[in-house]
Amino acid sequence: MPRPPAAAARVLPAAVLCAAALLTASACSSGGAPDAASATEAQASRPAAPASPTGAAMLTAAQAQAALLTETDLGAPWEPTEGAATWRDGVLKGHTDTAGCARLMDSLYADEPLGTPTGTRAVAAYDDPDDQAQLRYQVLSLRAADVDRSLSWLRTLPRSCARFTTETTAAGTQDVQVSELALPEVGDARQGLRVTFTGESDDGDATALTLDVVAVRVGDDAIVLTDGALGALPPDTTTRAVKLGVQRLTEARQKARAQA
């Protein structure tokens, strides 16, 4: 489909962001989706313990930040974000009566497919203005058992929420399809979803949003990637980001063990 003007992919940055390397979750709470107006942000919702529940060294905020992907990793035309994509509030914020699928919609809007972070967290966000795409990338320290429970839930969604409708805040009724997303064999456990939203604008034009959602566990740490675009996603971005992200997280974990 023809690309809309690149400027439509962004909104003006919000007034204040949680951009410090260590902030409590309460300091960042605003009752809505995470703001992406800063290229990188890192936070810990509580002081990180020196070791994970399995005894391995937990990532520090600085190590998690170092494990993030950069715009150089992604390559042109990716660049640090200038604000939340218009489709985040316009399409992802909505309501569905389909049993079990409301949780999916809430997790997409909050960008928390593994649930609310409880340990060290670092986040980076980037825009591809050519494709009206936005990518958010997270490094998280969580209990392996908690991550695996969330991954098990994500695996059920291509069946339990394969097709449903949602009433959105600004894009009317959207038909939603959820399918399995093939991933490279990296990390200890992983799950990928492709979620597509199709509807009709106020002037009768067809609209479409494609969103890749990926979570990969590496020991007691995890990466979460959401890559969305109006229309088609930039080719291969998700796969490349997952491969490099797991490699970088593995290196950060090795450094944490060496310094423990």
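Structural data are supplied above this passage.
Here is a short report on the structure shown in this document. Worth saying up front: this structure is predicted, and the values here are computed from it rather than measured.

The subject of this paragraph is the overall build of the protein. If you tally the helices and strands in the protein, you get seven helices and 10 strands. Looking at the protein residue by residue over its 260 residues, the buried ones come to 50%. Put simply, 65% of the contacts in the protein that link residues at least 6 apart link residues at least 24 apart. For the protein, the accessible area works out to roughly 11,600 Å², and carbon and sulfur atoms hold 53% of it.

Turning next to helix 6 (residues 144-160). In a regular helix each residue adds 1.5 Å, so 17 residues correspond to 24 Å; helix 6 covers 24 Å between its end C-alpha atoms and thus fits that length. Inspection of helix 6 places A144, V147, S150, L151, W153, L154, L157 and P158 among the buried residues, and these make up the whole buried set. Of the surrounding elements, those touching the buried residues of helix 6 are helix 5 (101-110), strand 7 (173-180), strand 8 (189-200), strand 9 (206-218) and strand 10 (221-230).

Here the focus is the environment of D97. Inspection of the secondary structure puts D97 in the loop between strand 3 (94-95) and helix 5. Linking D97 and F164, residues 67 residues apart in sequence, is a C-alpha distance of 8.9 Å. Looking at D97, its side chain comes within polar contact range of the side chain of H95, at 2.7 Å.

Inspection of the secondary structure puts T120 in strand 4 (residues 120-128). Engagement of the side chain of T120 in a polar contact is seen with the backbone oxygen of L59, the distance being 3.1 Å.

Okay, the pairing of strand 5 (residues 133-141) next. For strand 5, a buried count of nine out of nine residues is recorded, marking the element as mostly surrounded by other parts of the structure. Side chains A133, L135, Y137, V139 and S141 of strand 5 all project onto a buried face; the interleaved residues Q134, R136, Q138 and L140 project onto the opposite face, where all are buried too. Bridging between strand 4 and strand 5 involves eight bridges; their strand directions are antiparallel. Note on strand 5: the bridge partner recorded for A125 is R136.

Before going further, it helps to spend a moment on the nonpolar core. In this structure, L108, L114, L157, F164, V178 and F197 are the most contacted members of the largest nonpolar core, which totals 32 residues. Of all the secondary structure elements, the ones that give two or more residues to this core are helix 4 (86-92), helix 5, helix 6, strand 7, strand 8, strand 9 and strand 10. W78, L181, A229 and L233 belong to the second-largest nonpolar core, a separate cluster that totals 30 residues.

Let us now look at the pattern of salt bridges. Think of it this way: side chains of opposite charge can pair up when their charged atoms draw near. Throughout the structure, instances matching the rule amount to nine salt bridges. Two residues, R248 and D73, come together in a salt bridge whose shortest N-O distance is 2.4 Å. Here R248, found in helix 7 (residues 237-259), pairs with D73, found in helix 3 (residues 71-74); they are 175 residues apart in sequence, far enough to count as distant. Of the residues examined, D73 reaches a relative accessible area of 21% and is grouped as partly exposed. Salt-bridge contacts for E185 lead to R190; the nearest nitrogen and oxygen are separated by 3.3 Å. Members of the salt-bridge network, linked through shared partners, are R143, D146 and R149.

For the rest of this paragraph, the subject is the side chain of D127. Structurally, D127 is set in strand 4. At 3.1 Å, the side chain of D127 forms a polar contact with the side chain of T81. A distance of 2.8 Å separates a polar atom in the side chain of D127 from a polar atom in the side chain of Q134.

The end-to-end C-alpha distance of helix 7, which contains 23 residues, comes to 33 Å, matching closely the 33 Å that a straight helix rising 1.5 Å per residue would cover. Along helix 7, the positions that sit buried rather than exposed are T237, T238, A241, V242, G245, V246, L249, A252, R253 and A256. The secondary structure elements touched by the buried residues of helix 7 are helix 2 (61-66), helix 3, strand 5, strand 9 and strand 10.

Criteria and cut-off values
- Residues numbered from 1 in each chain as written.
- Predicted model: local features only at pLDDT ≥ 70, side-chain atom pairs only at ≥ 80, totals over all residues.
- Heavy atoms only, no water.
- Helix = DSSP H or I, 4+ residues; strand = E, 2+ residues; numbered from the N terminus.
- Buried < 20%, exposed > 50% of the residue type's maximum accessible area, 1.4 Å probe, protein only.
- Contact = heavy atoms within 4.5 Å.
- Areas by Shrake-Rupley, 256 points an atom, 1.4 Å probe, with all protein chains shown as cover.
- Expected span 1.5 Å × (residues − 1).
- Polar contact = N/O pair within 3.5 Å; in protein donor to acceptor, adjacent residues only side chain to side chain.
- Pairing = 2+ DSSP bridges.
- Core = buried A, V, L, I, M, F, W, Y, C linked by side-chain atoms within 4.5 Å.
- Salt bridge = Lys/Arg side-chain N within 4 Å of Asp/Glu carboxyl O.

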